[in-house]
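Report on the structure
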Amino acid sequence: MDSSTHRSIQCLGDPMKPLYKGGIVQNSEFNSGLMGWSTYRNMKAGVSSSASGNKFAVVHGAGSSAVASSGKLLPSHSVYQRVQMQGDRHYSLSAWLQVSSSNGTTSSAHVRAIIKSPNGERVIAGAIDAKSGCWSMLKGGMTSDSSGHAEIYFESHAAVDIWVDSVSLQPFTFDEWDAHARRSAAKSRRRTVKVVVAMGAADGKPIAHANVSIELLRMGFPFGNAATKEITELPAYEKWFTSRFTVATFENEMKWYSTEWTQNHEDYGVADKMLSLMQRHGIKVRGHNVFWDDQNSQMKWVMPLSLAQLKAAIQKRLKSVVSRYAGKVIHWDVVNENLHFNFFETKLGPGASAQIFQQVGQLDRNPILFMNEFNTLEQPGDPNPTPAKYVAKMTQIRSYPGNGGLKLGVGLESHFSTPNIPYMRSSLDTLAKLKLPMWLTEVDVVKGPNQVKNLEQVLREGYGHPGVNGIVMWAAWHAKGCYVMCLTDNSFKNLPVGDVVDKLIAEWKTHRASATTDRDGAVELDLPLGEYKFTVRHPSLKAAAVQTVTVDDTSSSASEFTINVKS
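Notes on the structure follow. (Residues numbered from 1 in each chain as written. Predicted model: local features only at pLDDT ≥ 70, side-chain atom pairs only at ≥ 80, totals over all residues. Heavy atoms only, no water.)

1. Digging into the sheet that holds strand β24 (residues 530–537)
What counts is decided by this rule: Note on pairing: DSSP must find at least two bridges between two strands before they are called paired. Only DSSP runs of H or I with at least four residues qualify as helices, and only runs of E with at least two residues qualify as strands; both kinds are numbered from the N terminus onward. Lines are fitted to the C-alpha atoms to define the axes, a helix being fitted only along its stretch in contact, and any angle between axes, read from their N-to-C directions, falls within 0 to 180 degrees.
Taken in spatial order, the 4 strands make up an open sheet running β22-β12-β24-β25, and their pairing is antiparallel. Both outer strands of the open sheet, β22 (514–516) and β25 (545–551), are each paired with one neighbouring strand and no more. Mean inter-strand twist for the sheet, computed between neighbouring axes without regard to direction, equals 25 degrees. Judged from the 3 bridges that link them, strand β12 (residues 211–219) and β22 form a sheet pairing that is antiparallel. Each residue of the ladder has a partner; that of Ser213, found in β22, is Ser514.

2. Regarding the state of the cysteines
As a reminder, the rule being used: Two cysteine sulfurs form a disulfide in these notes if their separation is within 2.5 Å.
Within the structure shown, the criterion is met by 1 disulfide. The partner cysteine of Cys482 in its disulfide is Cys486, sulfur to sulfur 1.8 Å. Where Cys482 bonds to Cys486 through sulfur, the torsion about that S-S bond is close to 105 degrees, and the disulfide is right-handed.

3. Topic: helix α11 (residues 496–509)
Quick reminder: α-helices carry 3.6 residues per turn. Residues three or four places apart thus point the same way. To be explicit about the condition: One less than the residue count of a helix, multiplied by 1.5 Å, gives the span that helix is expected to have. Type-normalised accessible area, obtained with a 1.4 Å probe on protein chains alone, sets the label of each residue: buried when under 20%, exposed when over 50%, and partly exposed for intermediate values. This arc corresponds to the set of directions leading from the helix axis out to the C-beta atoms. Note on contacts: a residue pair is in contact if any heavy atoms of the two residues lie within 4.5 Å.
When the terminal C-alpha atoms of α11 are compared, their 20 Å separation across 14 residues agrees well with the 20 Å that a helix rising 1.5 Å per residue should span. Where α11 is concerned, the buried positions are Val497, Gly498, Val500, Val501, Leu504, Ile505 and Trp508. Viewed end-on, α11 has its buried residues packed into an arc of 160 degrees, placing them on one side of the element. On its buried face, α11 sits against β11 (190–199), β12, β13 (223–227), α10 (451–464), β21 (468–473) and β23 (522–528).

4. Observations regarding the sheet that holds β11
If you trace the 3 strands from one edge of the open sheet to the other, you get β23-β11-β26, paired in mixed fashion. The two strands at the open ends of the sheet, each matched to only one other strand, are β23 and β26 (560–565). Looking at each pair of strands side by side, their axes are set apart by 30 degrees on average, direction ignored. Where β11 meets β26, 6 bridges bridge the pair, whose relative direction is parallel. Bridge pairing in β26 links Lys194 to Glu560. Sheet strands in contact with helix α1 (residues 174–189) are β11 and β23, and its direction is about 40 degrees off that of β11.

5. Observations concerning the pairing of strand β5 (residues 89–99)
Taken across its 11 residues, β5 has 10 buried, putting it largely inside the fold. Where β5 lies against strand β10 (residues 162–173), 10 bridges are found, and the strand directions are antiparallel. Bridging across to β10, Tyr91 finds its partner in Pro171.

6. Regarding the packing of α1 against helix α9 (residues 421–432)
How we decide: If you view the pair so one helix is near and one far, a crossing is left-handed when the near helix is turned anticlockwise from the far one by less than a right angle, and right-handed when it is turned clockwise. Each residue gets one of three labels, nonpolar for Ala, Val, Leu, Ile, Met, Phe, Trp, Tyr, Cys and Pro, charged for Asp, Glu, Lys and Arg, and polar for the others, Gly among them.
Orientation of α1 relative to α9, taken along the N-to-C sense of each, is 35 degrees, at an axis distance of 12 Å. Note that α1 runs across α9; the crossing there is left-handed. Packed against α1, whose contacting residues are Trp177, His180 and Ala181, the element α9 presents Ile421, Pro422 and Arg425 at the interface. Across the contact of α1 with α9, the residue classes break down as 4 nonpolar, 1 polar and 1 charged.

7. Here we look at helix α8 (residues 387–399)
With 13 residues, α8 should cover 18 Å at 1.5 Å per step; its first-to-last C-alpha distance of 18 Å lies within 8% of that length. When we look at burial in α8, the residues that qualify are Pro387, Tyr390, Val391, Lys393, Met394 and Ile397. The buried residues of α8 all sit within an arc of 165 degrees when viewed along its axis, so they share a single face. At its buried positions, α8 is contacted by α6 (343–348), α7 (352–363), β17 (368–373), β18 (408–412) and α9.

Bear in mind that shape data such as this cannot, by itself, settle questions of function.
Right, dumping it as structure tokens:
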């Protein structure tokens with residue numbers, strides 16, 4: 001459950017020990033042969049050993065020619081184990097996987113972890129591209145709503161044999177899981193600091209029994225929402241938005257098709273007006289986006305361009321939007337969704353995204369450059385944006401000649417239906433190994449009876465994970481209906497999902513409003529990260545003393561702020 005230090009990205013010669021000593025999995029390291037494990041379709045299986053003596057399960061010929069009665073080729077299966085699961089539990093899954101080589105050459109295959117839950121549902125609990133010749137770690141999980149027997153195994157649609165070792169399936173009650181998230185949030189998002197009030201210079205006499213008022217001016221953890229052009233036209237929308245959020249993403253207004261729908265007719269008027277509004281309120285803006293890799297999101301005039309014309313149009317767009325907003329945005333989503341789509345790679349070659357990242361970084365050196373993608377957290381069954389593939393793509397961008405100094409970021413859209421919270425946490429753990437800023441950039445949850453509960457779970461999970469540096473909702477208001485989730489009605493009165501957002505904002509801001517210094521003129525305060533105004537009052541002072549202080553993630557329990565006052 002804790003953010004693991006397990007090396008889940010690297011491909012290793014031998015797998016590491018199973019997490020949680022295997023949890024409820026029997027014989028998780030195959031040191032007792034295949035005890036507790038079985039095979040499907042009368043496949044042959046056994047236990048092999050590496051040169052160092054490590055044991056693992058091998059299935060022979062599982063992916064060669066197994067055909068169902070329908071005539072379709074069946075997936076390759078690993079060994080499986082039947083386990084006893086309990087309802088109302090989160091299950092954290094991990095395993096080390098390898099696949100057989102093909103004709104003596106190195107091969108790779110997309111392998112999914114499957115759990116047949118007690119209610120008969122077949123749950124994809126995680127996935128990874130396993131390789132021959134070395135071990136890769138799959139992390140994932142699921143939530144069980146019923147008790148009974150379940151089965152855990154691994155499968156691939158590639159004709160490979162799947163090798164398995166160090167399997168773990170660990171249950172947690174909902175209370176245990178939530179308590180961990182809260183502890184992690186307290187550790188990551190708050191600091192205990194010491195405030196000392198003294199008379200005169202730095203070595204002045206401490207003032208005992210002084211009253212210190214604490215006002216949070218701005219929350220340190222960035223929390224935002226998408227906005228539409230209507231915010232510049234409706235004062236009620238402006239007031240509702242700006243009183244809550246510290247970050248904004250323009251839903252469409254900065255996109256290429258919004259600023260140059262007709263070739264050579266650029267119009268940034270709407271985006272400029274929205275940016276000006278946000279600047280007046282001290283709200284930071286994410287640049288969304290420079291390009292979108294989806295072919296269906298290109299303007300009609302782009303599609304028939306020759307290669308030379310397309311290159312010219314791309315350069316014109318890139319320089320136009322990035323130069324215009326250089327120094328005015330905190331992020332750029334550079335080539336949106338380029339794990340699912342490949343318009344620019346198809347036209348310009350496999351290094352297109354990396355080159356565009358480089359050019360954006362040259363034009364605007366301060367913002368973080370994000371690879372923004374969906375389903376990396378949301379859908380373990382989507383083979384395109386798995387955490388391992390995200391890491392591989394980011395590594396490709398990072399390692400492109402000249403890109404070593406780029407300020408890169410991990411953008412996770414987070415469009416959820418029914419959230420798989422254990423999978424979400426495991427994915428964040430894997431992506432955190434990149435050691436890059438990581439944001440949930442477009443959070444929403446589909447309508448349904450559990451929408452409010454599901455949204456709160458997602459937001460708490462993101463806020464509690466130490467690798468997440470900010471959250472932006474994708475709940476831009478539209479009079480005719482929002483994209484997936486509205487936080488307010490058309491009078492800007494909160495809907496239930498809006499209420500849960502307000503509840504969490506208030507909770508994350510919670511701190512003591514005032515305190516009294518001890519005989520040494522000191523007081524310890526447990527504060528959420530942020531910018532504060534401390535106001536000191538004491539009978540010996542002619543007027544209140546005011547000082548602004550920033551408590552950030554570099555602060556520690558040893559941090560001390562001294563307020564020097566004059567009599």
